[in-house]
Amino acid sequence: RDTAFGSHQKTFFIKAMSKSESKVWCEYVEVKTSSVASSDIGNFDGAFARKDFAEGELIERGVMRRLPEGFDGHKCQEVFTWSNERPNKTWAMGSGCAPFYNTTSKDKENTHMVRYFDENRFEIFAKRDIKAGEELFHTYISLEWRECFSEIDKIVNNKE
């Protein structure tokens, strides 16, 4: 399993299995107006921690539903890139609060999504300690190349 955290893989797995066995679990995440929303960039929602999370702790898990072949995810921000293939041709809709996690640069993200493409599921972990009330961010894997994210990429990564 790809966790991007290497030696912490077993710890994450044990913590993940200690939660309820529901396929979709986001008990300690809520959705409200994003902390980065403004009159300049618009009003949109974000996902927020309802409790403190320790680094490496499972925040949420859920399932993905693949969209029909031929769907163009380059034009729709609300879908997930659902493969490591480039150019990507597989897109999916996510469950739970995951669609509301906004993106940021790698150095500012406080969560990490582990994608199990073959199982059509995901888990989201804390990359650092997170306080209750803090907005949850991760870096979209398609941020730098997906057409619908071109303006967001410029803002997040200070590109002119």
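All values reported here derive from a predicted model rather than from experimental measurement.

Criteria and thresholds
- Residues numbered from 1 in each chain as written.
- Predicted model: local features only at pLDDT ≥ 70, side-chain atom pairs only at ≥ 80, totals over all residues.
- Heavy atoms only, no water.
- Salt bridge = Lys/Arg side-chain N within 4 Å of Asp/Glu carboxyl O.
- Buried < 20%, exposed > 50% of the residue type's maximum accessible area, 1.4 Å probe, protein only.
- pLDDT = per-residue confidence, 0-100.
- Contact = heavy atoms within 4.5 Å.
- Pairing = 2+ DSSP bridges.
- Helix = DSSP H or I, 4+ residues; strand = E, 2+ residues; numbered from the N terminus.
- Phe/Tyr/Trp six-rings, centres within 6.5 Å; stacked < 30°, edge-to-face > 60°.
- Core = buried A, V, L, I, M, F, W, Y, C linked by side-chain atoms within 4.5 Å.

Caption draft 1: Spatial organisation of the pattern of salt bridges. Within this structure, the stated rule accounts for seven salt bridges. The closest approach of N and O atoms between D72 and K75, which form a salt bridge, is 3.0 Å. The exposed category is assigned to K75, whose relative accessible area is 64%. In this structure, E119 engages R121 in a salt bridge whose closest nitrogen and oxygen atoms are separated by 2.5 Å.

Caption draft 2: View of the confidence of the model for the chain. Mean pLDDT over the chain stands at 82; residues scoring 70 or higher make up 76%. Low confidence marks residues 1-10, where pLDDT is under 50. Its contacts with residues over four positions away, or in another chain, come to 13 contacts.

Caption draft 3: Examining the sheet that holds strand β2 (residues 45-49) more closely. Ordered by their spatial adjacency, three strands build an open sheet running β1-β2-β8, and the pairing between neighbours is antiparallel. Whereas interior strands pair on both sides, the edge strands pair on one side only; in this sheet they are β1 (29-33) and β8 (135-136). The sheet contact formed by β2 and β8 spans two bridges and is antiparallel. In the strand pairing of β8, A47 is matched with L136.

Caption draft 4: Layout of the packing of aromatic side chains. Evaluation of the coordinates by the stated rule reveals two aromatic pairs. Measuring from ring centre to ring centre gives 5.9 Å for W25 and Y28, while their planes differ by 75°; the resulting arrangement is edge-to-face. On the basis of an interplanar angle of 80° and a centroid distance of 4.9 Å, the ring pair of W82 and F117 is categorised as edge-to-face. Remark: F117 occurs in the loop between β6 (111-116) and β7 (121-126) and W82 occurs in the loop between β4 (80-81) and β5 (91-94); sequence separation between them is 35 residues.

Caption draft 5: How the structure looks around unusual backbone geometry. Note that the residue after R86, namely P87, is joined by a cis bond; omega there is 0°. Within the secondary structure, P87 sits in the loop between β4 and β5. For N120, which is not glycine, the phi dihedral falls at a positive 50°. Relative to the helices and strands, N120 resides in the loop between β6 and β7. With relative accessibility at 22%, the residue N120 sits in the partly exposed group.

Caption draft 6: Local environment of the nonpolar core. Within the largest apolar cluster, 19 residues are counted, with the highest numbers of intra-cluster contacts made by V29, I59, Y101, F122, I124, I130 and L136. For this core, the secondary structure elements donating two or more residues are β2, β3 (58-66) and β7. Tallying contributions element by element places β7 first for this core, with three residues. Aside from chain neighbours lying at most four places away, what touches I130 is A49, K51, D52, F53, I59, N110, T111 and L136. Ranked by size, the runner-up nonpolar core spans five residues in total, among them W25, L58, Y116 and F125.

Caption draft 7: Just the sheet that holds β5, in detail. Strand order in the open sheet formed by five strands is β4-β5-β3-β7-β6, and the pairing between neighbours is antiparallel. Whereas interior strands pair on both sides, the edge strands pair on one side only; in this sheet they are β4 and β6. One ladder, built from three bridges, connects β3 with β5; its direction is antiparallel. Bridging from a neighbouring strand, R66 pairs with A92 of β5.

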